[in-house]
Each structure stands twice: as structure tokens, then as C-alpha cells.
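So the chains spell out like this:
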Amino acid sequence: MAMYGIRYRGVHSRDLGLITKTKTRPAAPPVRTTEETILYRDGNLDYSEQGGRLFYDDKIVEIEFVAAEKELIDTNLLISRAVRWLCGSWDDLIFDDMPLVKWRARPISLSEISTELYRLGRFTVQFRCRPFNTLIYSSLGITLDSLIPLDSKIPLDLGGTSSFDMDKIGRYTFKHINIGDVSARPKINIIGETDSGTHTITVKINGTGFTLKFPSGFPLSNGKTAVVDCEECAVTCGGDDITSYLVSSDTDFSEFPELQPGENAITVDTQITGQLQFDYATPYFYGSNDIGGIVNA
């Protein structure tokens, strides 16, 4: 029988001499509910989808760690290693039996590690995890040096609908498939090849999007990239904030769009030639659906 562990902050639990057992691992995050009770009306009014979709709260994972140290001095050394490993802010947590997804997690409290180890030879850590797990590979595809678990059903064209060429000035229509379970807020990379004075680009996802107007002489050429970060609601280029280049009119307001799960219609009106990329971590409620795999141990 295979013995599974976890990898956290780039270190595997077995490297510290710890055996792990998952006590709780939620299959889905809790829905954020916003309700109001009105006098003289039955039931509650539910405003949970007023933002256009449901939103979710963080989830809690509990992992038990077992140590087999016989001497007190060895137990103290193990406590030091474990606390040094676990302490800190958010980082990637990967379970051996779910090798294709990462949970964004941080420990809630580590104060009882020493007491539990001295008394029981084991301790339990609660991790607060972000609502969605993400594929370990970028939406742009799998890099050549990536480790691919055995028995994984990974499509060869993963990332094939994330990059689009804009060979000439004009209007383009593309399709992008978000293989995740929920909406994703991508980084939209606009890689320019030509710079000829004032130039504008409009990008819309399923009818919602933004217009960027670059001033005359702005260097968006020779592979230089403007990044529209739809998660942080900001636009940068070469480390400089250019969010002020977003254009809004009385009839068309610039918004930071989301990619819906499944097929998305992309429309681009551009005075820039180059390439458009959608870069994001594919979000899942739990596992990676039909591209998941079990690592051989």
C-alpha cells in the first residue's frame, strides 16, 4: 500500500521524518451567503449572486502528522524542523494523491505542536486554504522541464487556446476554453511588435472588457509587454503602472473581465500587431477533473 504525504513550501513531509494523515479535506469551499429578512414577508431575500455569480469563502484543511522519535532530544529537534517548515504566510500545498493541483494554504496555529508531540507522538495542524485549488501548470501550457505524474491524463494541447497572434491591424475573434470549475481572472499579456504613434486596443471577453489607449511614442514594440491584471485591477508595462491608459466613454466603460468555465468568446479591435495571451491558474473546487492522475509511489 502506498504511503502518501504532502509537499509544502517546496519540502516534502517525509524529508522531515513525518507521516501524514488527512483528517478533513473539503470537496468544495463554503458559499458566501448574503441574506436579509424583511418584516411581513416569508423567507429571506438572498443577495448572494448580486455580483453576477456566487462567491466563496476560504476552506479549512486538517492534517495529522505522526512522528516516530524515541528520544526526547530527537523529538525536540523534530519540533524545531516542523515549526521552521510550517511557519509563515501563504504558500502552495500539494497532496501526493492529488499531484496535479495545488492548494494555497497557511497554518492557522502551531502553538500546540510541542505539547501534542510530547504526549501523543503526533500533532494536528489546521490550514486555511483559498476557496479554489489550481492546476500546477499555467494556462499557457506545460514547460519542457515540468515533472508530469505517471498515469496523468494531460492533453497535449493544454494552453493551445491561450495565445493568439495579431498579424495585422483590425478586428479578431477568438475562442478560449477555461477547463476549470469556476470563473478565472486572468493576466492578459499584450505583446507588441510595432510602435507607430498613438495606438489603441480593445479586448472583450463575452462582451465585457476594456480599451487601452497608448500615447504617441509609448514603447510597445519589439516584444515589450503590457499586462492587464484582472485580479488586481491594474495595468503595468515594464514595471510601471499604466492603469490610467484605460479608456471609458459615456457608452462603453472599461472593466476587468472574467473567463467563465467552458468556452469564452474573445473579440479584439487593435491598432497593435503582436500577440495576446491569457495567463492564469486554472481554478477547481477540489481536483482537476478528467486530467487528474494518481502518482505511483
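Higher on the page you've got the structure.
Residues numbered from 1 in each chain as written. Predicted model: local features only at pLDDT ≥ 70, side-chain atom pairs only at ≥ 80, totals over all residues. Heavy atoms only, no water.

A.B. asks: Hey, could you go over the side chain of Asp229 for me, with residue numbers and the actual values?
C.D. replies: By secondary structure assignment, the location of Asp229 is in strand 16 (residues 225-229). One buried charged residue, Asp229, forms no salt bridge at all, with the nearest opposite charge on Lys187 at 4.3 Å. Polar side-chain contacts of Asp229 include one of 3.0 Å to the backbone nitrogen of Glu232. Not counting residues within four places of it along the chain, the set of residues in contact with Asp229 comprises Pro186, Lys187, Ala234 and Phe256. (Helix = DSSP H or I, 4+ residues; strand = E, 2+ residues; numbered from the N terminus. Buried < 20%, exposed > 50% of the residue type's maximum accessible area, 1.4 Å probe, protein only. Lys, Arg positive; Asp, Glu negative; His and termini not counted. Salt bridge = Lys/Arg side-chain N within 4 Å of Asp/Glu carboxyl O. Polar contact = N/O pair within 3.5 Å; in protein donor to acceptor, adjacent residues only side chain to side chain. Contact = heavy atoms within 4.5 Å.)

A.B. asks: Give me the lowdown on helix 1 (residues 72-86), citing residues and values where you can.
C.D. replies: For helix 1, built from 15 residues, the straight-helix expectation of 21 Å at 1.5 Å per residue is met to within 8% by its first-to-last C-alpha distance of 21 Å. Where helix 1 is concerned, the buried positions are Thr75, Leu78, Ile79, Ala82, Trp85 and Leu86. Buried residues of helix 1, viewed axially, fall in a sector of 135°; they line one side. In this structure, helix 1 carries Ile73 and Arg84 as exposed residues pointing more than 90 degrees from its buried face. Trailing helix 1 by a residue or two, Gly88 shows a phi angle of about 135°, which is positive. (Expected span 1.5 Å × (residues − 1). Arc of directions from axis to C-beta.)

A.B. asks: Report on the sheet that holds strand 13 (residues 187-192), specifying residues and quantitative values.
C.D. replies: The strand order 11-20-13-16-17-18 describes an open sheet built from six strands, whose pairing is antiparallel. Either end of the sheet is taken by a strand with one partner, and the two such strands are strand 11 (163-166) and strand 18 (240-241). (Pairing = 2+ DSSP bridges.)

These figures capture arrangement, not role.
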